[in-house]
Amino acid sequence: MPRGRRGRPGLVGTMARTAVVAGTASAVVGHSQSKQMAKQQSAAEAQAAQQAAFESQAQVADMQAQLNAMQAQQAPPPPPAAPVAAAPAAAPAGDDLMAQLSKLADLKAAGVLSDEEFAAAKAKLLA
């Protein structure tokens, strides 16, 4: 029969077994830490992308507001409601004068002519 020890392992065997267990534990912990770091990095990248998108949307909204303001400043003034009726060169006859005064009064009543415009047009007709 070969000669050898039976029973509990010796000091070297115990140390080898402990080294294997410790190495395995270190490998498992290292792998877990690297997975956690990868998850944290992924979350940080996603948050940075969200922040960039938010800032981009804010910039677009600011630019749109500036464009609207510029367009409002450049918009031509609205055209007058109706041009003031020009008086004819020669004074009209009696019936024509009454018709023209009636038209002026209707325009003023409709709000097309202001008081000053009405007075100016009436003065031209009567002159």
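Residues numbered from 1 in each chain as written. Predicted model: local features only at pLDDT ≥ 70, side-chain atom pairs only at ≥ 80, totals over all residues. Heavy atoms only, no water.

Engineer: Tell me about the overall build of the chain, and name the residues and values.
Structural biologist: Looking only at helices and strands, the chain has three helices and zero strands in total. Element order for the chain, N to C, with α for helix and β for strand: α-α-α. Looking at the chain as shown, the accessible area adds up to about 10,900 Å², and 60% of this sits on carbon and sulfur atoms. (Helix = DSSP H or I, 4+ residues; strand = E, 2+ residues; numbered from the N terminus. Areas by Shrake-Rupley, 256 points an atom, 1.4 Å probe, with all protein chains shown as cover.)

Engineer: Would you mind going over the pattern of salt bridges in detail, with residue names and values included?
Structural biologist: As enumerated under the stated definition, the model contains one salt bridge in all. Note that Lys108 is salt-bridged to Asp115, the shortest N-O span being 3.2 Å. Lys108 sits in the partly exposed class, given a relative accessible area of 33%. (Salt bridge = Lys/Arg side-chain N within 4 Å of Asp/Glu carboxyl O. Buried < 20%, exposed > 50% of the residue type's maximum accessible area, 1.4 Å probe, protein only.)

Engineer: Give me the nonpolar core: which residues, what numbers.
Structural biologist: Of all hydrophobic cores here, the largest spans six residues; its members are Leu97, Leu104, Leu113, Phe118, Ala121 and Leu125. Elements that contribute at least two residues to this core include exactly helix H2 (94-109) and helix H3 (115-126). The element that contributes the greatest number of residues to this core is H3, accounting for three residues. Residues within four places of Phe118 in sequence aside, it is in contact with Leu104, Ala105, Lys108 and Leu113. (Core = buried A, V, L, I, M, F, W, Y, C linked by side-chain atoms within 4.5 Å. Contact = heavy atoms within 4.5 Å.)

Engineer: Just give me the short version of H3, but keep the residues and values in it.
Structural biologist: Given a rise of 1.5 Å per residue, twelve residues ought to cover 16 Å, and the 16 Å separating the end C-alpha atoms of H3 matches this to within 8%. Listed as buried for H3 are Phe118, Ala121 and Leu125. For H3, the angular spread of buried residues about the axis comes to 70°, placing them on one side. Opposite its buried face, H3 presents the exposed residues Glu116 and Lys124, each directed more than 90 degrees away. (Expected span 1.5 Å × (residues − 1). Arc of directions from axis to C-beta.)

Engineer: With reference to specific residues and values, describe the packing of aromatic side chains.
Structural biologist: Following the criterion strictly, the structure yields zero aromatic pairs and no others. The cationic tip of Lys108 hangs over the ring face of Phe118; the distance from NZ or CZ to the ring centre is 5.2 Å. (Phe/Tyr/Trp six-rings, centres within 6.5 Å; stacked < 30°, edge-to-face > 60°. Lys NZ or Arg CZ within 6 Å of the ring centre and 35° of its normal.)

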